[in-house]
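# Secondary and tertiary structure notes
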Amino acid sequence: MRCLAGHRDRVCCVAFSPDGRRVLSSALDQSVRLWDLDAGMELKCFDRQTNRSVAFSPDGRTALCGALYDGKLRLFDAATGKEVKRLPGHADWVVCVAFAGDGKVALSGGLDKTIKLWEVASGRLLRTFNLKSVVLSSVAFSPDGWRVLSAASDGIVRGWDTFTGQELFRLVGHTDAVSCVTVSPDGDRAASAGHDGTVRVWDVRLKKELRRFEGHTGNVLCVGFAPDGSAVLSGGEDGAVRVWELEP
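Scoring rules and cut-offs
Residues numbered from 1 in each chain as written. Predicted model: local features only at pLDDT ≥ 70, side-chain atom pairs only at ≥ 80, totals over all residues. Heavy atoms only, no water. Pairing = 2+ DSSP bridges. Helix = DSSP H or I, 4+ residues; strand = E, 2+ residues; numbered from the N terminus. Axes fitted to C-alpha atoms, helices over the stretch in contact; angles between N-to-C directions. Patch = residues over 30% accessible without salt bridge, like charges linked within 9 Å, V, L, I, M, F, W, Y side chains within 5 Å. Areas by Shrake-Rupley, 256 points an atom, 1.4 Å probe, with all protein chains shown as cover. Salt bridge = Lys/Arg side-chain N within 4 Å of Asp/Glu carboxyl O. pLDDT = per-residue confidence, 0-100. 1 Å grid on protein atoms, 1.4 Å probe; cavity = no way out; pocket = protein on both sides within 12 Å on 5 of 7 lines; lining within 4 Å. Points joined across faces, edges and corners; volume = space filled by probe spheres on them. Nonpolar A, V, L, I, M, F, W, Y, C, P; charged D, E, K, R; others polar.

### Remarks on the sheet that holds strand S16 (residues 167–172)
- As summarised here, the arrangement of the 4 strands in space is S13-S14-S15-S16, forming an open sheet in which the pairing is antiparallel. Each of the sheet's edge strands pairs with one partner strand only, and the pair in question is strand S13 (136–141) and S16. Here the strands of the sheet are splayed against their neighbours by 20° on average, with no regard to which way each runs.
- Relative to strand S14 (residues 147–152), S13 runs antiparallel, the two being bridged by 5 bridges. The residue bridging Val139 from the neighbouring strand is Ser150, located in S14.

Shown next, in the form of structure tokens:
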């Protein structure tokens, strides 16, 4: 449908705007770019310090970018490209970011082995979740916003309470690092992608594995649910994008 050409190095992260008409992309050329899908053209190029993680706010007005070099988050006006807020806090590279469904709070995860919960309007740090000895790769909110899921190098998906910062549960099964975790639209399931070559779907309430999908030849790097929760999409180092059907 479209090929958006402009980055000069590997693209690490992409995100749709809520209306599906724009895309944010971040790459190892140290840029974050905003694209118009209808025209197939670049609209904005954001701060060159940001190149690993991006997210759109639920209203589509704000872009959240995590920096590799200074451990800071930057909020940009998606219409003008102007930086509106800078959030210091991480002591190492920021590798993942996410907005809650109401857009009032956001998450960031860094190589300093912490997840941080931010109040978007004020830029205030609300909570820090400590992973201690493991390296973080991905974070996701539950739809209700009161739980956070994280994926890490030890092969474990962790659930956290956003109000207390305490670890709630662990989803254990991957035999190598987990690259990505996401939550289903209804919040009852989670999906994870691992370096063990598997995609796994979990019952979040019962804390157990529901399905395991094998087919990628190599590390699975990203995973997402279909909007109606009926399927899981995954991408891997084998260059394949696969769609896995879930039982109704």
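Having seen the structure, we can now continue with the description.
### Structural notes on the sheet that holds strand S1 (residues 11–16)
- Taken in spatial order, the 4 strands line up as S1-S2-S3-S4 in an open sheet, and their pairing is antiparallel. Two strands bound the open sheet, and with one partner strand each, they are S1 and strand S4 (41–46). Strand-to-strand twist in this sheet, taken as the mean axis angle between neighbours without regard to direction, amounts to 25°.
- Inspection of the sheet shows strand S2 (residues 22–27) paired to strand S3 (residues 31–36) by 6 bridges, in the antiparallel sense.

### Regarding a nonpolar patch on the surface
- A cluster of nonpolar side chains, namely Trp146, Phe163 and Leu168, defines an oily patch on the protein surface of about 320 Å² accessible area.
- When you line up the elements, Phe163 lands in the loop between strand S15 (156–161) and S16.

### A look at the confidence of the model for the protein chain
- Overall, the predicted model of the protein chain reaches an average pLDDT of 91, with 98% of residues at or above 70.
- Per-residue pLDDT, averaged within each element of the protein chain, yields its smallest value for strand S5 (residues 50–56) (82) and its largest for strand S19 (residues 198–203) (98).

### A closer look at the pairing of S16
- Bridging between S15 and S16 involves 5 bridges; their strand directions are antiparallel. Looking at S16, one finds that Arg158 is bridged to Arg170.

### Brief notes about the layout of surface pockets
- By volume, the second largest pocket amounts to about 170 Å³.
- Residue lining of the second largest pocket: 13 residues in total, with Val105, Leu117, Gly145, Thr162 and Phe163 positioned closest to the centre.
- Here the lining of the second largest pocket is composed, by residue class, of 6 nonpolar, 3 polar and 4 charged.

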